[in-house]
Structure formats: structure tokens, C-alpha cells
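# Structure assessment
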Amino acid sequence: MSGDVKHTGGCHCGAVRFEVMAPKSVHVYDCNCSICAKKQNRHFIVPESKFKLLQGAESITTYTFNTHQAKHMFCRVCGVQSFYKPRSNPDGYGVCPHCIDEGTMESVVVETFDGQNWESHIATTDIKKWSEQTNAPKQ
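Residues numbered from 1 in each chain as written. Predicted model: local features only at pLDDT ≥ 70, side-chain atom pairs only at ≥ 80, totals over all residues. Heavy atoms only, no water.

Below, the discussion takes up the environment of C33. With respect to the helices and strands, C33 occurs in the loop between strand 3 (25-31) and helix 1 (34-39). Considering only alpha carbons, one finds C33 and A123, 90 residues apart in sequence, at a separation of 16 Å. Aside from chain neighbours lying at most four places away, what touches C33 is G115 and Q116. (Helix = DSSP H or I, 4+ residues; strand = E, 2+ residues; numbered from the N terminus. Contact = heavy atoms within 4.5 Å.)

Here you go:
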């Protein structure tokens, strides 16, 4: 994706810090599955190669449930999830735009993802392409 910029971000207490290469305007998914609805997990997806954990690996704990494919990682100090490994894109990261430091993000486009009907909805969306290095949808 041309036009990517380096965004930095982290959890509330600062124990976990990361950087991600992504456009200034991001495409965010608002999922209504049981966990995303509870924690308001709105996220944009990037390939694993565009995400770098800068600090805090020892402060991260992981929660899984049901299929155990999604890895919901959060800071064990403050409880904030800044990013996670989505079930839809195990080769990428879902990054929470509200955890990005100010100054690099211009806009957020939100798309609803029907996680309550995950199996049928995944077939009707292009969400899997976001973590592909060369085939990510244009912003």
C-alpha cells in the first residue's frame, strides 16, 4: 500500500508500545460478536510485516474463546487492548485506532462486521485482504 505512514501507539499505562505502517485514513471494522460488542473492539487490519511491538511483551496477556483462533491480547497492567490477532486475519493484526498517538491519523471510515453471524458474513466481505501484503484494498 503506497502512502503508508508510521503510526505509534500503546495502552493506557504505557507498558505496551507499538508502531504500525498504515495509511493516514484507515478502514475500521466495528464487529458485533460477543467479545467485540462488550469491549467496543473497533479495529483496522494490517499485514503482520507492518506491525512492530516496541516494548511490553512481558506485560501482554492473551484471552481466547470458542474457536481459539482470535488472540485477544491486552496489557496486564491497565487492561487496555491496543491490538490483537483477528480470527479473520491470522496473518495480520487488528489495531485499535483509539490507541494510536495523536498526529498521524487523518480519518477513520467505519464498516460494520456481523460477527454474530461470523461464518456467513466472512464470505460476503473483503476483510481477509487487509492482511495480504500486496492485495490490500485501496483506501
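Here the focus is the nonpolar core. In this structure, V20, F44, V46, F51, F83 and V95 are the most contacted members of the largest nonpolar core, which totals 17 residues. In terms of residues, this core owes the most to one element, strand 2 (residues 17-22), which gives 3 residues. Counting 11 residues, the second-largest nonpolar core is a separate cluster that includes Y29, C36, F113 and W130. (Core = buried A, V, L, I, M, F, W, Y, C linked by side-chain atoms within 4.5 Å. Buried < 20%, exposed > 50% of the residue type's maximum accessible area, 1.4 Å probe, protein only.)

Aromatic ring pairs are described here by two measures, namely the spacing of the ring centres and the angle between the planes. The full count for this structure, using the stated rule, is 6 aromatic pairs. Centre to centre, the rings of F18 and F51 are 5.5 Å apart; their planes meet at 20°, and the pair counts as stacked. With F18 in strand 2 and F51 in strand 5 (residues 51-55), this pair connects stretches of sequence that are 33 residues apart. Relative accessible area serves as the criterion here: at 0%, F18 is assigned to the buried category. By relative accessible area, which is 10% here, F51 ends up buried. Here the aromatic residues F18, F51, F83 and Y93 are joined through ring pairs into a cluster of three or more. Lying over the aromatic face of Y84, K39 brings its terminal NZ or CZ to 5.9 Å of the ring centre. Here the guanidinium or amino end of K85 rests over the ring plane of Y93, the centre of that ring lying 4.4 Å away. (Phe/Tyr/Trp six-rings, centres within 6.5 Å; stacked < 30°, edge-to-face > 60°. Lys NZ or Arg CZ within 6 Å of the ring centre and 35° of its normal.)

With that settled, the discussion passes to the side chain of N89. Locating N89 in the fold gives a position in the loop between strand 8 (83-84) and strand 9 (92-95). Residue N89 is classed as buried on the basis of its relative accessible area of 0%. Setting aside anything within four residues of it in sequence, one finds N89 in contact with I45, I127, K128, K129, W130 and S131.

For the rest of this paragraph, the subject is the pattern of salt bridges. Under the defined criterion, the tally for this structure stands at 7 salt bridges. Note that D101 is salt-bridged to R17, the shortest N-O span being 2.6 Å. Placement of the pair is D101 in the loop between strand 9 and strand 10 (107-113) and R17 in strand 2, with a sequence separation of 84 residues. Judged by relative accessible area, D101 falls into the partly exposed class, the value being 29%. On the basis of relative accessible area, R17 is assigned to the partly exposed category, the value being 24%. Between E119 and R87 there is a salt bridge, with its nearest N and O atoms 2.9 Å apart. Of this pair, E119 sits in helix 2 (residues 118-122) while R87 sits in the loop between strand 8 and strand 9; the two residues are 32 residues apart in sequence, bridging distant segments of the chain. Here E119 falls in the exposed class, since its relative accessible area comes to 54%. (Salt bridge = Lys/Arg side-chain N within 4 Å of Asp/Glu carboxyl O.)

Another aspect to go through is the UniProt feature "domain: CENP-V/GFA" (unreviewed entry) in the protein chain. The positions UniProt marks with the feature "domain: CENP-V/GFA" (unreviewed entry) are residues 7-119. Its end C-alpha atoms 32 Å apart, residues 7-119 is made of 7% helix and 43% strand. (UniProt positions renumbered as here; feature names shortened; annotations may be inferred.)

This paragraph deals with the pairing of strand 1 (residues 5-10). Two strands pair when backbone bridges link them, and strand 1 and strand 2 are joined in this way by 6 bridges, in the antiparallel orientation. Residue H7 lies in a different strand from strand 2, and its bridge partner there is V20. What sits between the antiparallel neighbours strand 1 and strand 2 is a turn of 6 residues, in which G14 has the positive phi angle 90°. (Pairing = 2+ DSSP bridges.)

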